[in-house]
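Chains, contacts and geometry: an overview
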Amino acid sequence: MAADLCDLQVHINGQQTFYIHEKTITRFSGKLRKLIKKEKKRTQIRKTGIEIHDFPGGSDGFELFSRFCYNNGEIDITVSNLSLLHCCAVFLSMNDTLVPKTTDLYNRISDWSFKDVRDCLKSCTPIFTYADSFGIIDKLISNLILKITQHSDSNISLLIPSSSSSSSPDSTVKSGGTLLRLSSSSSSKGLWWYDDMTILPPFVIERFVKALGGYGNENTSLTLTRFLLHYLKTSSQSKTQAFSKCEYGGLADTAVYGVVLMGKSAFSCRGLFWVLRIVSGFGLSRECRGGLERLIGGMLDQAKVDDLLVSNSGSSGVYDVNLVLRLIRESNKVEGVCLERMKKVGGLLDKYLGEIAPDQSLKISKFLGVAESLPDCARDCFDGVYKAIDIYLESHPCLSLEERSRLCRCLNYEKLSLEACKDLAKNPRIPPRIAVQALVSQHSNIPTVYTNDHHQDYSYIINDHNLQTPLTKSSRELMVLYNNNGAHDHLQYDSADHSSRTSSRYDQADKELDDGVVKLNLQKMQWRVVELEKVCREMKGQMSKMVKGDRVMLSGSSHGRPLPRLC
């Protein structure tokens, strides 16, 4: 009895075998009747069964078809199984039974809700090729667009050409046949469909965008761009990744084309970094990445240090330093870069160096690449660079003397503050030769005016940190001599040779004022000299200890030069 009820074996797509009753199944499928008749002539069908390849939906589709047959041609049709039933019916040539029922439901698609259309479109995912060839995809996307426009506010409008906006609900939207005009409005009422569309697979969203005529470099809509960024962000945060990252590449490129087109008028510098973080995880083309980085580089002076801290997907460090180097190069290419803008970028990079310095995987070449990417004029002070170097040395204690010296080459000692120079001189991680060079540079910053035998007019500025005091004309006639005589340094003030000439050119009031300025400047110079002498004494004591401890290391140095005397 059981053998009579299951007298036919059907192998579906080489994956699963169904045992069915031949007469029950073939009564509703003309194609199946012809296939069985053909197989009976070729072989013993009861022993081997029949093979059906490329069946829509595989075993799920054939099971749904079998239920329809065993239920005497009746089945509950919903938006979730409508597409699969229709594809199976067309594939099995069920033109007199199931096809009319599914077609009738599609003809009444204008009565569906947005959710019904979207869910039906989502159900086409496993049978997308069949659904597309049978015209289902275009029909659903066309009606999806109409539902969006019908339930959106007046600030958002979809302009569909008259050729595709007929009164029939079956009208479809061809690729490139729709012009999307969306305002920059970001109201929740107008953009309600953003979240609803995120459940659709990337190839369906791609067809949706193409139907709007905004795919790739044709994207000129800010709202469409924002939707794609929202979709990509949601997809990247999904715990279940059913699709590979490269399948989102076309959508990522389309979004970036829109971002680059809108540029500064629609996105802030922080917003552009947010875009970069989203699209970097997908297969972004080199052209689009270059355009986005070029746009960010032009606004780099507006960035914050947190913006630059982009995680590195590779194994060469915690942060993507290569990205920052590319952004700096793009920033340097901007025409007419003013010094103020460059100084902002310099301050930003100093903070960035301090953040990435503790990274154990950060190479010296990458650190120097960032530190030396700008000219010295971009920094009024190199204290920030020195602090970053100190953090790097502390986090990388195994560096050799040569590597530590190489790291310090990015310092401009003349632009170090006195406090930073004193700290550098006391820092045991800094090579002694570097400490000496820094002290010598600081020592040379003290103004030294030589004797004026040829009656030349020298002018100079006494620097006290950020304070600059220019000398007046009469005080420029005065010669300040700095003499290093053992433990006692003193300043000599000599104006006897020129008193007669100055008295003839300046009155007594100006002279008294100038004398006051000179005395103030001399006091500042004496303070600087005392400070440097103190640093020198501390360095001499510290250097003697360091030389003893590093004698072996220094003896193997390639330079082979003795350390210079300090004072």
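For the structure given in this document, a descriptive report is provided here. (Residues numbered from 1 in each chain as written. Predicted model: local features only at pLDDT ≥ 70, side-chain atom pairs only at ≥ 80, totals over all residues. Heavy atoms only, no water.)

Details of the nonpolar core
Core analysis: the largest hydrophobic core is formed by 139 residues, its most contacted members being Leu140, Phe208, Phe227, Leu232, Val279 and Leu411. Ignoring any residue separated from it by four or fewer positions in sequence, one finds Leu411 in contact with Phe382, Val385, Tyr386, Ile389, Leu416 and Leu424. (Core = buried A, V, L, I, M, F, W, Y, C linked by side-chain atoms within 4.5 Å. Buried < 20%, exposed > 50% of the residue type's maximum accessible area, 1.4 Å probe, protein only. Contact = heavy atoms within 4.5 Å.)

Re the pattern of salt bridges
In this structure the tally under the stated criterion is 18 salt bridges. Here Arg409 ties to Glu372 by a salt bridge, and the two come within 2.9 Å at their closest N and O atoms. With a gap of 37 residues between them, Arg409 in the loop between helix H22 (401-407) and helix H23 (418-426) and Glu372 in the loop between helix H20 (364-371) and helix H21 (383-395) connect regions that are remote in the sequence. A relative accessible area of 37% means that Glu372 is categorised as partly exposed. Across the pair Asp390 and Arg429 runs a salt bridge whose closest N-O atoms are separated by 2.9 Å. With a gap of 39 residues between them, Asp390 in helix H21 and Arg429 in the loop between H23 and helix H24 (432-444) connect regions that are remote in the sequence. (Salt bridge = Lys/Arg side-chain N within 4 Å of Asp/Glu carboxyl O. Helix = DSSP H or I, 4+ residues; strand = E, 2+ residues; numbered from the N terminus.)

Comments concerning helix H16 (residues 286-297)
The end-to-end C-alpha separation of H16 is 16 Å, in line with the 16 Å expected for 12 residues at 1.5 Å each. What H16 keeps buried is the set Cys288, Gly290, Gly291, Leu292, Glu293, Leu295, Ile296 and Gly297. Looking at the packing, one finds that the buried side of H16 touches helix H14 (249-262), helix H15 (269-279), helix H18 (321-332) and helix H19 (339-356). (Expected span 1.5 Å × (residues − 1).)

As for H14
Here H14 spans 20 Å end to end across 14 residues, near enough to the 20 Å set by a 1.5 Å rise per residue. Counting buried residues along H14, 10 of its 14 residues qualify, which places the element largely inside the surrounding structure. All of the buried residues in H14 are Gly249, Leu251, Ala252, Asp253, Thr254, Ala255, Val256, Gly258, Val259 and Met262. In the core, the buried residues of H14 are packed alongside helix H12 (202-211), helix H13 (222-237), H15 and H16. Backbone geometry just downstream of H14 places Gly263 in the positive-phi region, at approximately 60 degrees.

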